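In case you want the letters, here they are:
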2 protein chains.
Amino acid sequence: MRNMSLREKKKIETKNRIFEVSGKLFKEKGFENTTIDEITKEAGIAKGTFFNYFPTKESLVFYFAEQKADLICDLTENEAVGHLHTKERIKKFLVSLAESYEKDKDLTKLLFFEYGRYIKSSGNAPDKDRNPHSRLMKVILDLLEEGIKKREVKVSVDTRIAAEALNAVYFHTLMVWLKSENELSFSRDISAKIDLLFDGIGD
Amino acid sequence: MRNMSLREKKKIETKNRIFEVSGKLFKEKGFENTTIDEITKEAGIAKGTFFNYFPTKESLVFYFAEQKADLICDLTENEAVGHLHTKERIKKFLVSLAESYEKDKDLTKLLFFEYGRYIKSSGNAPDKDRNPHSRLMKVILDLLEEGIKKREVKVSVDTRIAAEALNAVYFHTLMVWLKSENELSFSRDISAKIDLLFDGIGD
DNA sequence: ATTTAAATATGACCATGGTCATTAATGACC
DNA sequence: GGTCATTAATGACCATGGTCATATTTAAAT
């Protein structure tokens with residue numbers, strides 16, 4: 001960070017400024033209602049410069065997504081929850097993840113309603129492991145495998161299938177919740193669904 | 001259909017022509033790569049006319065989605081599967097739905113990768129019950145409630161929660177499958193996940 | 001047949017995302 | 001400090017989704 005050329009410093013600074021201004025404007029007026037012109041004007045750069053840093057307007061969303069992805073890792077590391085039941089650990093993880101999203105609800109909405117496009121284009125991206133989707137899968141997979149060792153998860157369970165199911169339920173619940181503006185039901189809903197997944201529907 | 005004014009006939013005909021031409025072009029070149037100009041040119045109308053029938057380019061996707069939604073209802077009606085176990089009925093329903101999507105994979109992809117936007121804007125739409133999402137939920141809810149009566153589903157299960165979970169898993173699996181180009185794994189995957197949901201993860 | 005009002009079609013026009021040839025800033029080397 | 005190759009900044013320009021005032025067509029009324 002110290003022995004950096006003027007060029008490199010300016011470059012980073014410009015990228016950050018674009019990022020911050022975008023975030024601010026997106027929160028204020030939403031993604032669609034914010035124009036590149038506004039962003040560049042507020043950031044004090046020319047329009048073309050924007051595209052030197054982000055290939056498209058949408059790519060800003062992916063950049064936000066990656067920032068969020070880092071957060072997922074942090075969440076798993078700094079909590080001592082090893083003693084809890086696997087189900088509770090997963091629940092706790094997903095709920096606290098949701099709570100962190102809650103802090104920045106507008107940005108999160110943006111992220112999730114662009115989710116389809118995100119998935120689409122992140123498929124062949126080189127940063128396959130830097131998106132929230134992959135990170136989440138990995139964390140849940142690890143938890144499930146530990147769960148098997150502790151005999152809290154059926155040995156017969158295919159962890160990939162189970163992780164995908166949990167993942168699906170999580171994203172879907174988050175989506176419905178974000179859409180419905182209902183602030184209260186999310187943790188209850190996700191908890192209920194995790195219980196269901198662990199205990200099963202069948203009689 | 002017979003005592004229709006010239007006006008009404010023309011109107012319907014024009015809308016259908018736009019719809020057909022769009023579908024054809026979307027399949028050929030994808031959604032993004034097809035321009036309104038091309039559609040209107042091929043349909044033999046002026047650009048402005050397009051917007052008399054569809055408020056936006058995206059709204060075409062919703063129209064496709066609604067057509068698909070009708071199919072979901074058809075699927076439930078014309079099969080005599082009342083004797084099967086609830087789990088198998090749900091499985092059968094979702095797999096045959098997926099098979100029907102498979103016939104028109106390009107259009108289905110389009111539909112699902114615009115899914116985020118679809119969900120977003122269909123939230124306050126007047127045709128709340130005409131989208132695939134709502135239809136699917138309703139069918140699954142009915143099946144689960146029957147399942148409870150037959151004691152094949154735990155009485156303690158909240159059918160809304162369970163239906164949402166099944167829905168989530170279905171859409172997620174379909175999405176992953178569409179993305180991965182892997183033609184073979186879908187029915188196996190969805191079957192495995194439904195089994196998991198019915199039997200539970202926990203030991 | 002003529003008039004008139006409503007429905008529909010039209011294409012010039014606008015706003016905005018994105019491109020690219022040109023210009024300016026930077027730093028390595030002398 | 002001056003030269004030059006490399007890298008970044010620029011804004012005129014383009015393509016396309018979407019608007020709207022105007023023109024045309026239809027159906028009804030006389």
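Before going into details, it helps to say that this report is about the structure given with it.

Criteria and cut-off values
Residues numbered from 1 in each chain as written. Chains lettered and ligands numbered in written order. Predicted model: local features only at pLDDT ≥ 70, side-chain atom pairs only at ≥ 80, totals over all residues. Heavy atoms only, no water. Near = heavy atom within 4 Å. Polar contact = N/O pair within 3.5 Å; in protein donor to acceptor, adjacent residues only side chain to side chain. Helix = DSSP H or I, 4+ residues; strand = E, 2+ residues; numbered from the N terminus. Nonpolar A, V, L, I, M, F, W, Y, C, P; charged D, E, K, R; others polar. Contact = heavy atoms within 4.5 Å. Buried area = accessible area lost by both parts, 1.4 Å probe. Salt bridge = Lys/Arg side-chain N within 4 Å of Asp/Glu carboxyl O. Phe/Tyr/Trp six-rings, centres within 6.5 Å; stacked < 30°, edge-to-face > 60°. Buried < 20%, exposed > 50% of the residue type's maximum accessible area, 1.4 Å probe, protein only. Lys NZ or Arg CZ within 6 Å of the ring centre and 35° of its normal. Least-squares fit on C-alpha atoms with pLDDT ≥ 70 in both. Axes fitted to C-alpha atoms, helices over the stretch in contact; angles between N-to-C directions. Parallel < 35°, antiparallel > 145°, perpendicular 65-115°, else oblique.

A closer look at the protein's contact with DNA strand C
Next, step 1: Around DNA strand C, 19 residues are found, and the nearest of them are Leu6, Lys10, Lys47 and Lys57 of chain A together with Gly48 of chain B.
Next, step 2: When atoms of DNA strand C within 4 Å of the protein are sorted by moiety, sugar and phosphate together comprise 62%.
Next, step 3: Within the backbone of Leu6 of chain A, an N or O atom sits 2.6 Å from a phosphate oxygen of DNA strand C.
Next, step 4: The contact in question runs from a phosphate oxygen of DNA strand C to an N or O atom on the side chain of Tyr53 of chain B, over 3.1 Å.
Next, step 5: Going through the elements one at a time, helix H1 (6-29) and helix H3 (47-53) of chain A together with helix H1 (6-29) and helix H3 (47-53) of chain B are the ones with two or more residues in the surface near DNA strand C.
Next, step 6: In terms of residue count, the dominant contributor to the surface near DNA strand C is H3 of chain B (four residues).
Next, step 7: Taken together, the residues that form the surface near DNA strand C break down as six nonpolar, seven polar and six charged.

So, the interface of chain A and chain B
Next, step 1: Of the residues lining the interface, 40 residues belong to chain A; the matching set on chain B comes to 40 residues.
Next, step 2: Carbon and sulfur atoms make up 62% of the area that chain A and chain B hide from each other, which totals about 3900 Å².
Next, step 3: Inspection of the region where chain A meets chain B yields four salt bridges.
Next, step 4: On the surface where chain A and chain B come into contact, there are 18 residue pairs in polar contact (both at pLDDT 80 or more).
Next, step 5: Looking at the side of chain A that touches chain B, the elements with two or more residues in it are helix H7 (115-122), helix H8 (132-149), helix H9 (159-180) and helix H10 (185-199) of chain A.
Next, step 6: If one sorts the elements of the side of chain A that touches chain B by residue count, H9 of chain A sits on top with 12 residues.

Some remarks on the packing of aromatic side chains
Two aromatic rings are characterised by how far apart their centres lie and by the angle between their planes.
Residue and element names in this part refer to chain A.
Next, step 1: Inspection of every chain in the model, using the stated rule, returns 20 aromatic pairs over all chains.
Next, step 2: With a centroid separation of 4.8 Å and 85° between ring planes, the pair formed by Phe19 and Tyr63 is classed as edge-to-face. Here the residue Phe19 occupies a position in helix H1, and Tyr63 occupies one in helix H4 (residues 58-77), the gap between them amounting to 44 residues.
Next, step 3: For the ring pair Phe50 and Phe51, a centre distance of 5.1 Å and an interplane angle of 75° mean the geometry is edge-to-face.
Next, step 4: Classification of Phe50 by relative accessible area gives buried; the value is 0%.
Next, step 5: We classify Phe51 as partly exposed; its relative accessible area is 38%.
Next, step 6: The ring of Phe31 has Lys57 sitting right over it, with the charged end atom 4.7 Å from the ring centre.

Focus: the relation of the copies chain A and chain B
Next, step 1: Screw-axis analysis of chain A against chain B gives a translation of 0.1 Å along the axis, an RMSD of 0.1 Å, and a rotation angle of 180°. The superposition of one copy onto the other is thereby described by a two-fold rotation axis. Considering only C-alpha atoms, the part of chain A nearest the rotation axis is Gly200 of chain A, at 1.8 Å.

Regarding the packing of H1 of chain A against H4 of chain A
Residue and element names in this part refer to chain A.
Next, step 1: Between H1 and H4, the least distance of the axes is 11 Å, while the angle of their chain directions is 95°. Taken as axis vectors, H1 and H4 run roughly perpendicular relative to one another. Between H1 and H4, the contacting residues are Lys15, Phe19, Ser22, Gly23 and Phe26 on the first element and Leu60, Tyr63, Phe64 and Gln67 on the second.
Next, step 2: Residue classes in the contact of H1 with H4 are distributed as five nonpolar, three polar and one charged.

Some points on the pattern of salt bridges
Next, step 1: Applying the stated criterion across every chain, the model contains 28 salt bridges over all chains.
Next, step 2: Here Lys91 of chain A makes a salt bridge to Asp195 of chain A, at a shortest N to O gap of 3.0 Å. A residue pair is termed long-range when its members are at least 10 positions apart, and Lys91 of chain A in helix H5 (residues 86-102) and Asp195 of chain A in helix H10 qualify at 104 residues.
Next, step 3: We classify Lys91 of chain A as buried; its relative accessible area is 13%.
Next, step 4: For Asp195 of chain B, the salt bridge goes to Lys87 of chain B, with nearest N and O atoms at 3.1 Å. Here the residue Asp195 of chain B occupies a position in helix H10 (residues 185-199), and Lys87 of chain B occupies one in helix H5 (residues 86-102), the gap between them amounting to 108 residues.

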